[in-house]
Amino acid sequence: MSEQKTYTQAGFKALQDELDYLVNVRVEENKKEISTARAFGDLSENSEYDEAKQEQGKIHARIDELREMIAHAKIVDESQIDEKAISVGSIVVLYNVERDKEITYHIVGSYETDPKNGKISDSSPVGIALLGARAGDEVVVAGAREQHLKVLSVTRAREA
């Protein structure tokens, strides 16, 4: 059995949307690509056919992966969350003592991470250290370079 992963409502919807696109659009496009490539003749030396078949394998592998992820997903129930404590779905403003810098993070499930856009995983070192903390708390993130973070504010991301 696969490990259960936590998702925000938006992250879970993104998985469903990707699965829907692959099943209802991309599979059909790929079938046409394979059919077109077959028409080019001898399949033993037909690179277009080989590429289309390889793409077919990738598409179906991703479909299987998405179905597994969706089947074992745990979606954050916003109504059951203490909005003042950091959890998946929280937007936190922090002060990094060592860097004398303010940082904003959105805490998300591990498959939703996007560090360039401030989305960090609840299972990352920073995410783990922050879970349960509240505005005014100070947390220490262990690692090669220990970080001291002061929680300035905690709000909930409002999902569309």
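Heads up: these notes are all about the structure in this document. Since we're looking at a predicted model, the values are computed, not measured. (Residues numbered from 1 in each chain as written. Predicted model: local features only at pLDDT ≥ 70, side-chain atom pairs only at ≥ 80, totals over all residues. Heavy atoms only, no water.)

1. Observations regarding the side chain of Arg156
The residue Arg156 is located in strand E7 (residues 147–156) in this model. Separated by 2.7 Å, the side chain of Arg156 and the backbone oxygen of Val88 make a polar contact. (Helix = DSSP H or I, 4+ residues; strand = E, 2+ residues; numbered from the N terminus. Polar contact = N/O pair within 3.5 Å; in protein donor to acceptor, adjacent residues only side chain to side chain.)

2. Notes on helix H1 (residues 9–38)
It helps to recall that an α-helix has 3.6 residues per turn; residues three or four apart then point in one direction. For H1, built from 30 residues, the straight-helix expectation of 44 Å at 1.5 Å per residue is met to within 8% by its first-to-last C-alpha distance of 42 Å. Where H1 bends most, at Leu22, the angle is about 40°. Check the buried side of H1 and you find it contacts strand E1 (5–7), helix H2 (47–71) and strand E2 (73–75). (Expected span 1.5 Å × (residues − 1). Bend = angle between axes of the 7 residues up to and from the residue. Contact = heavy atoms within 4.5 Å.)

3. Describing the packing of aromatic side chains
In total, this model carries 1 aromatic pair according to the counting rule given. Centre to centre, the rings of Tyr7 and Tyr111 are 6.2 Å apart; their planes meet at 15°, and the pair counts as stacked. On the criterion of sequence distance, the pair formed by Tyr7 in strand E1 and Tyr111 in the loop between strand E4 (101–108) and strand E5 (119–121) is long-range, its members being 104 residues apart. (Phe/Tyr/Trp six-rings, centres within 6.5 Å; stacked < 30°, edge-to-face > 60°.)

4. Some remarks on the pairing of E4
Inspection of the sheet shows strand E3 (residues 90–96) paired to E4 by 6 bridges, in the antiparallel sense. From the neighbouring strand, Asn96 faces E4, where its bridge partner is Lys101. Hairpin geometry of E3 and E4 is characterised by an intervening segment of 4 residues between the two adjacent antiparallel strands and by a positive phi of about 50° at Asp100. Two strands pair when backbone bridges link them, and E4 and E5 are joined in this way by 3 bridges, in the parallel orientation. Each bridged residue has a counterpart across the sheet, and for His106 the counterpart in E5 is Lys119. (Pairing = 2+ DSSP bridges.)

This is a description of form; function is not addressed.
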